[in-house]
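Remarks on the overall topology
The residues making up each chain are set out below.
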Amino acid sequence: MVSLHSGSAADATPLSTGATRTPAAPPDQRLMSLDALRGFDMACLLGGQQIVAALAKGAPEGSWLHALRQKFTHVEWAGFRFYDCIFPLF
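These numbers come from a predicted model, not from an experiment. (Residues numbered from 1 in each chain as written. Predicted model: local features only at pLDDT ≥ 70, side-chain atom pairs only at ≥ 80, totals over all residues. Heavy atoms only, no water.)

**Here's the deal with the overall build of the protein chain**
Of the regular secondary structure elements, the protein chain holds two helices and two strands. Written out in order from the N terminus, the α and β elements of the protein chain read β-β-α-α. Buried residues in the protein chain amount to 10% of all 90 residues. Sequence-distant contacts, at least 24 apart, represent 34% of the contacts inside the protein chain between residues at least 6 apart. Accessible area of the protein chain: about 7,900 Å², with a carbon and sulfur share of 63%. (Helix = DSSP H or I, 4+ residues; strand = E, 2+ residues; numbered from the N terminus. Buried < 20%, exposed > 50% of the residue type's maximum accessible area, 1.4 Å probe, protein only. Contact = heavy atoms within 4.5 Å. Areas by Shrake-Rupley, 256 points an atom, 1.4 Å probe, with all protein chains shown as cover.)

**So, a nonpolar patch on the surface**
A cluster of nonpolar side chains, M42, L45 and L46, forms an exposed patch at the surface whose accessible area comes to about 320 Å². Assignment of secondary structure puts L46 in helix α1 (residues 32–55). (Patch = residues over 30% accessible without salt bridge, like charges linked within 9 Å, V, L, I, M, F, W, Y side chains within 5 Å. Salt bridge = Lys/Arg side-chain N within 4 Å of Asp/Glu carboxyl O.)

**What about the confidence of the model for the protein chain?**
When pLDDT is averaged across the protein chain, the result is 76; 68% of the residues are at 70 or more. For the protein chain, per-element mean pLDDT is lowest for strand β1 (residues 13–14), which scores 55, and highest for helix α2 (residues 64–71), which scores 88. (pLDDT = per-residue confidence, 0-100.)

**Describing the pattern of salt bridges**
Counted under the stated rule, the structure contains one salt bridge. Taking the shortest distance from any N to any O, the salt bridge between R30 and D35 comes out at 2.8 Å. According to the relative accessible area criterion, R30 is partly exposed, its value standing at 39%. Accessibility expressed as a relative area gives 29% for D35, which makes it partly exposed.

Okay, here's the thing in structure tokens:
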């Protein structure tokens, strides 16, 4: 687990399994851009494709909505590659 909090081991909360948990960073020390990026990623994973498809329904070819809809569709299966194992944000 990566933490942005630089507290000492004495600040850590013991868990019943013998491991320790570092307390979360105070809100003023969190990277808001990272929180926003992760929130955007989760929104895309949970329903972004359906939202974009509904907005772009009937969009003429060559429009920016049509291009955006193409970005949210899956390509034909071309096999499994090492790059597919990488989940860039987590």
